[in-house]
Amino acid sequence: RLSRTVSGAGLLCAWAPALCQESDSAADRDHEKALAAKIKEMAKPPTEAQLGAPLYPGSFYDARNSAGMSLGDNTAYLFMTTDAAAKVADFYAKKLKQQPSELVKGSFMIALKGKPPFPEKGITIEPNKHGMFDPKYKTVITCRFMKTD
């Protein structure tokens, strides 16, 4: 007898936890397969023509994290640099002749198509603060494209 009220999938998991573990494992395998396919698809760095913006000089293209952030209706190309975010923002302001919006102190966005905060196509420039990426890089540049129907 259950000591608490559970409904739906929770009830199934309470009575047959192995079924839930198998289901989670299958979902994990499907996600890993989709990610591996996306990594292969995105292995080659995009061109400036594809991005609609110049590549930041000396930046490193991160195919794995680009693929991980591109599952679904959005595509994201991540680049890393050892330069400070303000320097990167200044580069794009000069090259694109457009002043970046400062979303929060030290983080910038340039809308290439559409309007901030969620343009259809845009570049975000953020400090690498949260330990998600190799600490030798100071800044993450993300070129994001939202699928529009």
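Note that this is a predicted model, so its numbers are computed, not measured.

### Here we look at the sheet that holds strand E4 (residues 107-113)
Taken in spatial order, the six strands of this open sheet run E1-E2-E6-E5-E4-E3, and their pairing is antiparallel. Either end of the sheet is taken by a strand with one partner, and the two such strands are strand E1 (60-61) and strand E3 (101-104). Pairing geometry for E1 and strand E2 (residues 74-81), over two bridges, is antiparallel. Across the sheet, Phe60 pairs through a bridge with Met80, a residue of E2. Strands E2, E4, strand E5 (121-127) and strand E6 (139-146) of the sheet are contacted by helix H5 (residues 85-96), whose axis makes an angle of about 155° with E5.

### Re the pattern of salt bridges
Summed over all chains, the structure comprises four salt bridges. Here Lys113 makes a salt bridge to Glu120, at a shortest N to O gap of 3.5 Å. When its relative accessible area of 30% is taken as the criterion, Glu120 is described as partly exposed.

### Focus: the pairing of E6
The element E6 is extensively covered by neighbouring structure, given that six of its eight residues are classed as buried. Alignment of E2 against E6, held across eight bridges, turns out to be antiparallel. Of the residues in E6, the one forming a bridge with Ala76 is Arg144. One ladder, built from seven bridges, connects E5 with E6; its direction is antiparallel.

### Some thoughts on the nonpolar core
Of all hydrophobic cores here, the largest spans 22 residues; its most connected members are Tyr77, Phe79, Tyr92, Ile123, Ile125, Ile141 and Cys143. Within the residue set of this core, elements represented by two or more residues are helix H4 (63-68), E2, H5, E4, E5 and E6. Broken down by element, the residue count for this core peaks at five residues, all from H5. Residue contacts for Ile123: discarding those within four places in its chain leaves Ala53, Tyr92, Leu96, Phe108, Met109, Ile110, Leu112, Ile141, Thr142 and Cys143. Listed in part, the six residues of the second largest apolar core include Leu78, Met80, Tyr137 and Val140.

### Re the pairing of E4
Burial analysis of E4 places five of its seven residues in the buried class, the great majority of the element. Examined bridge by bridge, E4 and E5 share five bridges and lie antiparallel to one another. Within E5, the position partnered with Lys113 by the bridge is Lys121.

### A short note on the side chain of Thr81
With respect to the secondary-structure elements, Thr81 resides in strand E2. One polar contact links the side chain of Thr81 to the main-chain amide nitrogen of Asp83, over a distance of 3.2 Å. Those residues within four positions of Thr81 in sequence are excluded, and the remaining contacts are Tyr56, Val88, Tyr137, Lys138, Thr139 and Ile141.

What counts and how
- Residue numbers run consecutively from 1 along every chain, following the written order of its sequence.
- Local features are withheld for residues below a pLDDT of 70 in this predicted model, meaning they are given only at 70 or higher, and side-chain atom pairs are given and counted only at 80 or more; totals for whole chains, interfaces and linings count all residues.
- Neither water nor hydrogens contribute to the side-chain values; these are computed over all heavy atoms in the structure.
- Two strands form a pair only when DSSP identifies at least two bridges running between them.
- Where helices and strands are cited, they refer to DSSP runs of H or I of at least four residues and of E of at least two residues respectively, numbered from the N terminus.
- Should any heavy atoms of two residues lie within 4.5 Å, those residues are counted as being in contact.
- Axis definition: a line fitted to C-alpha atoms, over the contacting stretch in the case of helices. Angles run 0 to 180 degrees between N-to-C directions.
- Salt bridges are defined as contacts in which a side-chain nitrogen from Lys or Arg sits within 4 Å of a carboxyl oxygen from Asp or Glu.
- Type-normalised accessible area, obtained with a 1.4 Å probe on protein chains alone, sets the label of each residue: buried when under 20%, exposed when over 50%, and partly exposed for intermediate values.
- Among the buried residues, those of types Ala, Val, Leu, Ile, Met, Phe, Trp, Tyr and Cys that are joined through side-chain atoms within 4.5 Å form a nonpolar core.
- Think of a polar contact as two N or O atoms within 3.5 Å of one another; within protein, one of them needs to be a possible hydrogen donor and the other a possible acceptor, and neighboring residues in sequence only count if both atoms come from side chains.

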